[in-house]
Amino acid sequence: MLSIRLMTRLAKQHPSLHARLVARSGANYSPPGGGYPYACAGVNVAFLLTDSLCLQRSSDPPRKVPPPKDSVRGRRKLGRMMAQDPDAIYEVFAIAFATVDKEWSSTGATYMMFTQVVQSVRGRLLSAL
């Protein structure tokens, strides 16, 4: 559900970015200019955020392994951002998705390289937060 909410808000708040991402979705999945399925990418970017920041529902059992320090710092920074603007998570999602798209374009990635692109963005996201 979170990924649907994030993608819906992206479409409303950033229509030009949304249009660009959806247009790439319709592209051929092989280079040059290869695309990726928009919905799958959106779900994966949402997972990237929740996993990178070790976010979980209050009903989930506690983690058995402590989260990495960069995840804790990122989660604290996101918490401070959300204290000032409760919609900050939507902006972080938009930035993360745009970064995935930029990395995708600049590296000439193929559909099979999607995981590598997301992992590259993960490190930059945590260092930015």
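Just so you know, these numbers come straight off a predicted model, no measurement behind them. (Residues numbered from 1 in each chain as written. Predicted model: local features only at pLDDT ≥ 70, side-chain atom pairs only at ≥ 80, totals over all residues. Heavy atoms only, no water.)

Peer 1: What is the right way to look at the environment of Thr107 in this model?
Peer 2: For Thr107, the location among the structural elements is in helix H5 (residues 88-107). Owing to a relative accessible area of 40%, Thr107 belongs among the partly exposed residues under this scheme. Here the side chain of Thr107 touches Glu103 through a polar contact of 2.8 Å, landing on its backbone oxygen. (Helix = DSSP H or I, 4+ residues; strand = E, 2+ residues; numbered from the N terminus. Buried < 20%, exposed > 50% of the residue type's maximum accessible area, 1.4 Å probe, protein only. Polar contact = N/O pair within 3.5 Å; in protein donor to acceptor, adjacent residues only side chain to side chain.)

Peer 1: Any chance you could explain the environment of Gly42 here in plain terms?
Peer 2: Within the fold, Gly42 resides in helix H3 (residues 38-52). Owing to a relative accessible area of 0%, Gly42 belongs among the buried residues under this scheme. Note: C-alpha distance between Gly42 and Phe97 (55 residues apart in sequence) is 7.2 Å.

Peer 1: Explain helix H1 (residues 2-13) to me, please; I cannot follow it from the model alone.
Peer 2: Since one α-helical turn is 3.6 residues long, residues separated by three or four positions face the same way. Between the first and last C-alpha of H1 there are 16 Å, a value that for twelve residues agrees with the 16 Å anticipated at 1.5 Å per step. Residues of H1 that are buried include every one of Ser3, Leu6, Met7 and Leu10, and no others. One side of H1 holds all its buried residues, which, seen down the axis, span an arc of 95 degrees. Pointing more than 90 degrees away from the buried face of H1 are the exposed residues Arg5 and Lys12. Check the buried side of H1 and you find it contacts helix H2 (15-25), H3 and H5. (Expected span 1.5 Å × (residues − 1). Arc of directions from axis to C-beta. Contact = heavy atoms within 4.5 Å.)

Peer 1: I would appreciate a short explanation of the packing of aromatic side chains in the present structure.
Peer 2: We describe a pair of aromatic rings using the distance from one ring centre to the other and the angle between the two ring planes. All told, the structure shown has three aromatic pairs when counted by the stated rule. A ring pair is formed by Tyr38 and Phe97, whose centres lie 5.5 Å apart and whose planes are at 10 degrees; its orientation type is stacked. Placement of the pair is Tyr38 in helix H3 and Phe97 in helix H5, with a sequence separation of 59 residues. Look at Tyr38 and you get buried, because its relative accessible area is 12%. (Phe/Tyr/Trp six-rings, centres within 6.5 Å; stacked < 30°, edge-to-face > 60°.)

Peer 1: Can you help me understand the side chain of Glu103 in this one?
Peer 2: Note on placement: Glu103 falls in helix H5. You can call Glu103 buried: its relative accessible area is 15%. The residues contacting Glu103, other than those within four sequence positions of it, are Val117, Ser120, Val121 and Arg124.

Peer 1: Help me understand the pattern of salt bridges in this model?
Peer 2: Pairing of side chains with opposite charge becomes possible as their charged atoms draw close. A complete count under the given rule lists three salt bridges for this structure. Where Asp87 meets Arg9, a salt bridge forms, and the shortest distance between an N and an O atom there is 3.4 Å. Taken together, the positions of Asp87 in the loop between helix H4 (69-84) and H5 and Arg9 in helix H1 put the pair 78 residues apart, joining distant regions of the chain. In this structure Asp87 comes out as partly exposed when scored by relative accessible area, which is 33%. On the basis of relative accessible area, Arg9 is assigned to the partly exposed category, the value being 24%. One salt bridge connects Arg20 with Asp101, and the closest N-O pair in it is separated by 3.3 Å. You can see Arg20 sitting in helix H2 and its partner Asp101 sitting in helix H5, a full 81 residues away along the chain. Exposure remark for Arg20: the relative accessible area of 43% places this residue in the partly exposed category. (Salt bridge = Lys/Arg side-chain N within 4 Å of Asp/Glu carboxyl O.)

Peer 1: How do you make sense of the packing of H1 against H5 when you look at a structure like this?
Peer 2: If you want to describe how two helices pack, look at the angle between their axes and the distance between the axes. One can describe the packing of H1 onto H5 by two numbers: an axis separation of 10 Å at closest approach and a directional angle of 80 degrees. Classified by the angle between their axes, H1 and H5 sit roughly perpendicular to one another. In this structure, H1 uses Arg5, Leu6, Met7, Arg9 and Leu10 to contact H5, whose residues at the interface are Ile89, Tyr90, Phe93, Ala94 and Phe97. (Axes fitted to C-alpha atoms, helices over the stretch in contact; angles between N-to-C directions. Parallel < 35°, antiparallel > 145°, perpendicular 65-115°, else oblique.)

The values reported here are purely geometric and, on their own, carry no functional implication.
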